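Listed below are the residues making up each chain.
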Amino acid sequence: MRSVVALLACLALTACGLQPMYAGGASGASAQGIAAVEVPAIAGRGGWLVKNALDARLGVAGQTTPQYRLDVRLDDSLEALGVLNDDTISRERRILRARYQLIDLATNAVLLDATAGSDAGIDVVSSEYATIAAEQKALENLAVDVADRIATQVAVTLRTRAVAGQ
């Protein structure tokens, strides 16, 4: 009975036109599209971290002539969450938000205009060094998470564009 259900599920998936995002490997349309995305410098330490993470994710198929530009603006903030009776902060929240646009360099058309963000909680301890180290590590982790979200949305947009034949 289970094998019949599994077989029917496989047949249903093939009938719906579902295809792997990176079909064709590094020579596939998606991989070639994201390899042609140029990421200009992004301001600040968080920007440097996000740009490096994006370059690592978007350059999987090697270097090609840029056809697209990904403009990213970051908003990095640190908020106090937990305040004790003596007005000291016991917990912070680091928030990293990105507004990004994918621009076709040939037509200067905006193909994607979106936002991505993530946040992390940080315990504030008596050691100022430990708190600063936790804030920096949170920024590093958030930059990777935001870059993953951006790269996924860019890949989906370019895949949809390639399938549509534009």
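For clarity, every value in this text was computed on a predicted model and none was experimentally measured.

Asker: So, the sheet that holds strand β4 (residues 110-123): which residues are in play, and what are the values?
Answerer: Read from one edge of the open sheet, four strands run β1-β2-β3-β4, paired in mixed fashion. For this open sheet the edge positions go to β1 (37-38) and β4, each flanked by a neighbour on one side alone. Of the pairings in the sheet, the one linking β1 to strand β2 (residues 68-83) comprises two bridges and is parallel in character. Among the inter-strand pairings, Glu38 is bridged to a residue of β2, identified as Arg69. Of the strands in this sheet, β1, β2 and β3 (89-104) touch helix α3 (residues 44-58), which is tilted by about 130° from β2.

Asker: Can you break down the pairing of β3 residue by residue, with the values?
Answerer: Of the pairings in the sheet, the one linking β2 to β3 comprises 15 bridges and is antiparallel in character. When the bridges of β3 are listed, Leu70 appears paired with Leu102. Between β2 and the antiparallel strand that follows it, β3, lie five residues; Asp87 among them carries a positive phi value of about 65°. Judged from the 13 bridges that link them, β3 and β4 form a sheet pairing that is antiparallel. Across the sheet, residue Glu92 finds its bridge partner in β4, namely Ile122. Linkage of β3 to β4, two consecutive antiparallel strands, is achieved through a turn of five residues, within which Asn108 is found at a positive phi near 60°.

Asker: For the side chain of Glu135, give the residues involved together with the corresponding values.
Answerer: Mapping Glu135 onto the fold places it in helix α4 (residues 128-164). The buried charged residue Glu135 lacks any salt bridge, with Arg94 as its nearest oppositely charged partner at 5.1 Å. Every residue in contact with Glu135, bar those within four places of it in the chain, is listed here: Leu78, Glu92, Arg94 and Ile122.

Reading the values: the criteria
- Residues numbered from 1 in each chain as written.
- Predicted model: local features only at pLDDT ≥ 70, side-chain atom pairs only at ≥ 80, totals over all residues.
- Heavy atoms only, no water.
- Pairing = 2+ DSSP bridges.
- Helix = DSSP H or I, 4+ residues; strand = E, 2+ residues; numbered from the N terminus.
- Contact = heavy atoms within 4.5 Å.
- Axes fitted to C-alpha atoms, helices over the stretch in contact; angles between N-to-C directions.
- Buried < 20%, exposed > 50% of the residue type's maximum accessible area, 1.4 Å probe, protein only.
- Lys, Arg positive; Asp, Glu negative; His and termini not counted.
- Salt bridge = Lys/Arg side-chain N within 4 Å of Asp/Glu carboxyl O.

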